[in-house]
Amino acid sequence: MRIPCPHCGPRTHEEFTYYGDATVRRPSATGPDAEAAFYDYVYTRDNPCGLHRELWFHQGGCHEWLVVERDTRNHDIKGAVPARSVFSADDAT
Amino acid sequence: MADALHFTYSPGRLGRREGAPGLVLQELTQFALASVIARKGQAAQAVGAAQRAFGASPPTTPTIAAGSDIAFVWSGPGHWLALGPQSTESFEARLGTVFGTHASVFDQSGSRVLLELRGPRVRDVLAKGVSIDLHPRAFRTGDVAVTTASHLAVHLWQVADEPVYRLLVVRTWFDSLWRWLAASAAEYGCEVMAPTPYTL
Ligand SMILES: [Zn+2]
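The rules behind these values
- The residue count restarts for each chain, going from 1 along the sequence in the order it is written.
- Chain A is the first chain written and ligand 1 is the first ligand written, with later ones labelled in order.
- Residues qualify for local features only when their pLDDT is at least 70, as the model is predicted, and side-chain atom pairs are given and counted only at 80 or more; totals for whole chains, interfaces and linings, by contrast, use all residues.
- Water and hydrogen atoms were dropped before computing side-chain values, which therefore reflect all heavy atoms in the structure.
- Under the DSSP-based scheme used, a helix requires at least four consecutive residues in state H or I and a strand at least two consecutive residues in state E, with every element numbered from the N terminus.
- With a 1.4 Å probe rolled over the protein chains alone, any residue whose accessible area is under 20% of its type maximum counts as buried; one over 50% counts as exposed, and the rest are partly exposed.
- Residues are treated as being in contact if the distance between any of their heavy atoms lies within 4.5 Å.
- The definition of a polar contact used here is a pair of N or O atoms within 3.5 Å, where within protein one atom must be able to donate a hydrogen and the other to accept one, and adjacent residues in sequence count solely through side-chain atom pairs.
- With water omitted from the atoms examined, metal sites may look incomplete; donors here are N, O and S atoms no farther than 2.8 Å from the metal, or 3.2 Å in the case of Na, K and Ca.
- Under the classification used here, a metal with four donors is tetrahedral if each angle lies between 85 and 135 degrees, square planar if opposite donors are over 155 degrees apart and the others between 65 and 115, a six-donor metal meeting that same test is octahedral, and anything else is irregular.
- Within 6.5 Å between ring centres, the rings of Phe, Tyr and Trp (the latter by its six-membered ring) count as paired, and their orientation is classed by plane angle as stacked under 30 degrees, edge-to-face over 60, tilted in between.
- What is meant by a nonpolar core is a set of buried Ala, Val, Leu, Ile, Met, Phe, Trp, Tyr and Cys residues, joined one to another through side-chain atoms within 4.5 Å.
- For two strands to count as paired, DSSP must find a minimum of two bridges between them.
- Between the N-to-C directions of two axes lies an angle of 0 to 180 degrees, each axis being a line fitted to C-alpha atoms and, for a helix, fitted only over the stretch in contact.
- Patch definition: residues above 30% relative accessible area lacking any salt bridge, with like charges linked at up to 9 Å and the nonpolar side chains Val, Leu, Ile, Met, Phe, Trp and Tyr linked at up to 5 Å.
- Areas reported here follow the Shrake-Rupley algorithm with a probe of radius 1.4 Å; residue values treat only the protein chains shown as occluding.
- Salt bridges are defined by distance alone: a side-chain nitrogen of Lys or Arg within 4 Å of a carboxyl oxygen of Asp or Glu.

Draft legend 1. Up close: the overall build of chain A. Across its full length, chain A carries two helices and six strands. Reading chain A from its N terminus to its C terminus gives the helix and strand order β-β-β-α-β-β-β-α. Viewed in the frame of its principal axes, chain A has a C-alpha envelope of about 45 × 30 × 20 Å. Burial analysis of chain A (93 residues in total) assigns 37% to the buried set. In chain A, 49% of the contacts between residues at least 6 apart in sequence involve partners at least 24 apart.

Draft legend 2. Just the side chain of serine 35 of chain B, in detail. Residues and elements named next belong to chain B. Positionally, serine 35 belongs in strand E3 (residues 31-38). Reaching out from serine 35, the side chain makes a polar contact with the side chain of glutamine 108 at a distance of 3.3 Å. In this view, serine 35 contacts His79, Trp80, Leu81, Ser104, Val105, Phe106 and Gln108; residues no more than four positions away in its chain are not counted.

Draft legend 3. The coordination of the zinc ion, seen in detail. Residue and element names in this part refer to chain A. On the protein side, the zinc ion has Cys5 (SG), Cys8 (SG), His58 (ND1) and Cys62 (SG) as donor atoms, found 2.0 to 2.4 Å from it. Coordination at the zinc ion is tetrahedral: its four donor atoms span angles of 103 to 115° at the metal. All donor residues of the zinc ion come from one chain, and their arrangement in sequence is C-x2-C-x49-H-x3-C. Given the relative accessible area of 12%, cysteine 8 is considered buried.

Draft legend 4. Quick look at unusual backbone geometry. In this chain, glutamate 162 of chain B is followed by proline 163 of chain B through a cis amide linkage whose omega measures 5°. We note that histidine 75 of chain A has phi near 60°; this positive angle belongs to a residue other than glycine. Note that histidine 75 of chain A resides in the loop between strand E5 (65-71) and strand E6 (77-82). For histidine 75 of chain A, a relative accessible area of 44% gives the class partly exposed. With phi around 50°, serine 150 of chain B is a residue other than glycine that occupies positive phi space. Tracing the backbone through its elements, the reader meets serine 150 of chain B in the loop between strand E9 (144-149) and strand E10 (152-160).

Draft legend 5. Quick peek at the packing of aromatic side chains. Residues and elements named next belong to chain A. With the rule as written, the count across this model stands at ten aromatic pairs over all chains. Measuring from ring centre to ring centre gives 5.2 Å for tyrosine 18 and tryptophan 56, while their planes differ by 65°; the resulting arrangement is edge-to-face. Here the residue tyrosine 18 occupies a position in strand E3 (residues 17-21), and tryptophan 56 occupies one in strand E4 (residues 51-57), the gap between them amounting to 38 residues. Ring geometry for tyrosine 19 and tryptophan 65: centres 4.7 Å apart, planes at 50°, overall tilted. One end of the pair, tyrosine 19, is in strand E3; the other, tryptophan 65, is in strand E5, with 46 residues separating them in the sequence. A residue is classified by how much of its surface remains accessible, and tryptophan 65, at 36% relative accessible area, is partly exposed.

Draft legend 6. Molecular detail of the nonpolar core. Counting residues in each nonpolar core, the largest one holds 32 residues, and the members touching the most others are Leu115, Leu117, Leu126, Leu177 and Trp178 of chain B. Counting residues per element, the ones that place at least two in this core are strand E2 (23-29), strand E8 (112-118), helix H3 (122-127), E9, E10, strand E11 (164-170), helix H4 (174-185) and strand E12 (190-197) of chain B. Looking at this core, the element that brings in the most residues is H4 of chain B, giving seven residues. By size, the runner-up hydrophobic cluster in this structure holds 30 residues, among which are Cys5 of chain A together with Ala50, Leu95 and Phe99 of chain B.

Draft legend 7. Region of interest: the sheet that holds strand E5 (residues 71-76) of chain B. All names here are of chain B. Overall, antiparallel pairing links the five strands, which are arranged E4-E5-E6-E3-E7 in an open sheet. On the outer flanks of this sheet lie strand E4 (64-66) and strand E7 (103-107), each paired with one strand and no other. Pairs of neighbouring strands in the sheet enclose a mean axial angle of 25°, with direction left out of account. Sheet topology note: the E3/E7 ladder contains five bridges and is antiparallel.

Draft legend 8. Geometry of a nonpolar patch on the surface. Judged by side-chain polarity, Tyr39, Val42 and Tyr43 of chain A come together as a nonpolar surface patch covering roughly 370 Å² of accessible area. Mapping valine 42 of chain A onto the fold places it in helix H1 (residues 34-43).

Draft legend 9. Representation of the sheet that holds E9 of chain B in the model. Residue and element names in this part refer to chain B. Taken together, seven strands build an open sheet; the order of strands is E1-E12-E2-E8-E11-E10-E9 and the sheet is mixed. Each of the sheet's edge strands pairs with one partner strand only, and the pair in question is strand E1 (12-14) and E9. This sheet shows a mean twist of 30° between the axes of neighbouring strands, independent of strand direction. Note: E1 against E12, three bridges, orientation antiparallel. Within the sheet, the bridge partner assigned to leucine 14 lies in E12 and is cysteine 190. Packing against the sheet, H4 makes contact with E1, E2, E8, E9, E10, E11 and E12, and its axis sits at approximately 15° to E8.

Pasting the structure below:
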């Protein structure tokens with residue numbers, strides 16, 4: 001399995017560490033349902049069949065976080081973008 | 001046959017003794033090294049400041065850029081290693097003055113071992129532990145890779161078309177890297193040269 005790092009180019013997945021679902025967002029720590037929301041955020045994960053957006057850290061390369069789109073059925077990698085581009089867009093909204 | 005040269009950097013012939021060596025290895029010493037990391041949103045200003053002061057623009061792609069007495073090795077977005085010959089002047093202070101508030105500069109001198117690798121089988125040797133494509137269609141003079149060699153994090157770059165490569169590795173990992181490199185080069189024969197002072 002090769003991941004196309006947008007900074008380094010295509011690299012073996014062994015250079016990366018997997019950090020799970022890239023679509024979940026940290027809940028507010030001050031909301032009335034904070035405890036339940038954090039339980040859900042930390043422990044509850046779907047097990048999707050098909051395309052999945054997930055976080056990978058390029059620790060054997062540029063030390064950047066990526067959002068990788070992977071098909072969980074066959075490990076087909078559709079693409080990878082810098083996580084900062086995804087999350088800074090979140091911050092702006 | 002057990003060969004003491006396999007276990008430590010020591011000038012001489014290693015592995016196959018017949019014919020010309022497939023790999024020629026030389027440690028480059030007496031260099032100053034610092035990490036330069038642009039502060040948030042300041043990468044363009046950091047690049048501009050270096051360009052004006054050193055005549056070398058820290059690269060925004062995985063390449064190396066050299067001025068008259070300093071080279072910037074790409075290390076990640078907004079992140080570089082600065083390399084230069086050792087001098088009595090503080091490398092960190094010199095860089096810090098130029099980058100000001102645009103980047104954080106940390107002295108790394110002494111933390112790495114720098115090797116130069118050449119010879120007709122150099123790519124075959126590297127292929128045993130480096131997973132990236134070093135064929136000239138994919139990797140050329142001036143290109144840099146932050147990658148792993150025998151599972152150890154390294155900076156690798158090409159300095160001549162011959163080809164000639166330089167490999168920078170954390171000093172405390174060097175023994176481990178050396179065992180892999182020596183074992184990988186043995187079948188081709190390897191000439192280990194006496195260490196020489198770094199030049200750009
Ligand atoms: Zn990368």
